[in-house]
Amino acid sequence: MDPISPLEQALHAARALVLADLVAREVAEADVVSLVEESIAQRRWWVEQWPDGAAFVAGLVAQDVQDALLERYGRWPLCPVCGSGDPHALDVEPELGPDPHWVCHKAGVKVAAVGSLGAATGGTVSS
Ligand SMILES: [Zn+2]
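About the thresholds
Residues numbered from 1 in each chain as written. Predicted model: local features only at pLDDT ≥ 70, side-chain atom pairs only at ≥ 80, totals over all residues. Heavy atoms only, no water. Axes fitted to C-alpha atoms, helices over the stretch in contact; angles between N-to-C directions. Helix = DSSP H or I, 4+ residues; strand = E, 2+ residues; numbered from the N terminus. Parallel < 35°, antiparallel > 145°, perpendicular 65-115°, else oblique. Left-handed = near helix turned anticlockwise from the far one by under 90°. Contact = heavy atoms within 4.5 Å. Nonpolar A, V, L, I, M, F, W, Y, C, P; charged D, E, K, R; others polar. Donors = N, O, S within 2.8 Å, 3.2 Å for Na, K, Ca; no water. Tetrahedral: all angles 85-135°; square planar, octahedral: opposite > 155°, others 65-115°. Buried < 20%, exposed > 50% of the residue type's maximum accessible area, 1.4 Å probe, protein only. Pairing = 2+ DSSP bridges.

Trainee: So what's going on with the packing of helix α1 (residues 6–24) against helix α3 (residues 57–72)? Which residues, and what values?
Mentor: Interhelical geometry of α1 versus α3 gives an angle of 45° and a closest axis separation of 8 Å. Accordingly, the angle class assigned to the pair α1 and α3 is oblique. The hand of the α1/α3 crossing is right-handed. The segment α1 lies against α3, with Ala 10, Leu 11, Ala 14, Leu 17, Val 18 and Leu 22 engaging Val 57, Ala 58, Val 61, Ala 62, Val 65 and Leu 69. Looking at the contact of α1 with α3 residue by residue, the class counts come to twelve nonpolar, no polar and no charged.

Here you go:
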């Protein structure tokens, strides 16, 4: 048997990270999970064309899912840092690079690594 290729590992990791963030924000419903699967399928093709981009897949999938959610559900993930003002979504930085993070451009802060949103929101709830 072949070992799992780096490409498949990158796709698995991206899927797990983005799902973790969706679960953290309680939007990991069946139809949302299918958005992740759609993105993974597209990015599989993309990374097969450009294997050097494997490290960028997590950030790209996060942005794909963010875009898809914006069309169907609304902004995701909402910024947990800014307590007042208009609710706004976090952005992924770098847009095309390794080690992607969620950032708030309004506050100018890195909120969490993609996949770690749950840990970042634990202490800063506005209920
Ligand atoms: Zn913010």
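Trainee: Kindly report on the coordination of the zinc ion, identifying the contributing residues and their values.
Mentor: Taken together, the protein donors to the zinc ion comprise Cys 79 (SG), Cys 82 (SG), His 88 (NE2) and Cys 104 (SG), at separations of 2.1 to 2.3 Å. Viewed at the metal, the four donor atoms of the zinc ion are separated by angles of 104 to 113°, and the geometry they form is tetrahedral. For the zinc ion, all donor residues lie on one chain, and their spacing in sequence is C-x2-C-x5-H-x15-C. Look at Cys 82 and you get partly exposed, because its relative accessible area is 23%.

Trainee: Residues and numbers for the sheet that holds strand β1 (residues 91–93), please.
Mentor: The three strands lie next to each other as β1-β2-β3, forming an open sheet whose pairing is antiparallel. The two strands at the open ends of the sheet, each matched to only one other strand, are β1 and β3 (109–113). Averaged over all neighbouring strand pairs, the angle between strand axes comes to 40°, with direction disregarded. For strand β2 (residues 101–104) and β3, the ladder comprises four bridges, and the chain directions are antiparallel. Among the inter-strand pairings, Cys 104 is bridged to a residue of β3, identified as Val 109. The sheet contacts of α3 involve β1 and β2, and relative to β1 the element is tilted by about 165°.

These results come straight from atomic positions and should not be treated as a statement about function.
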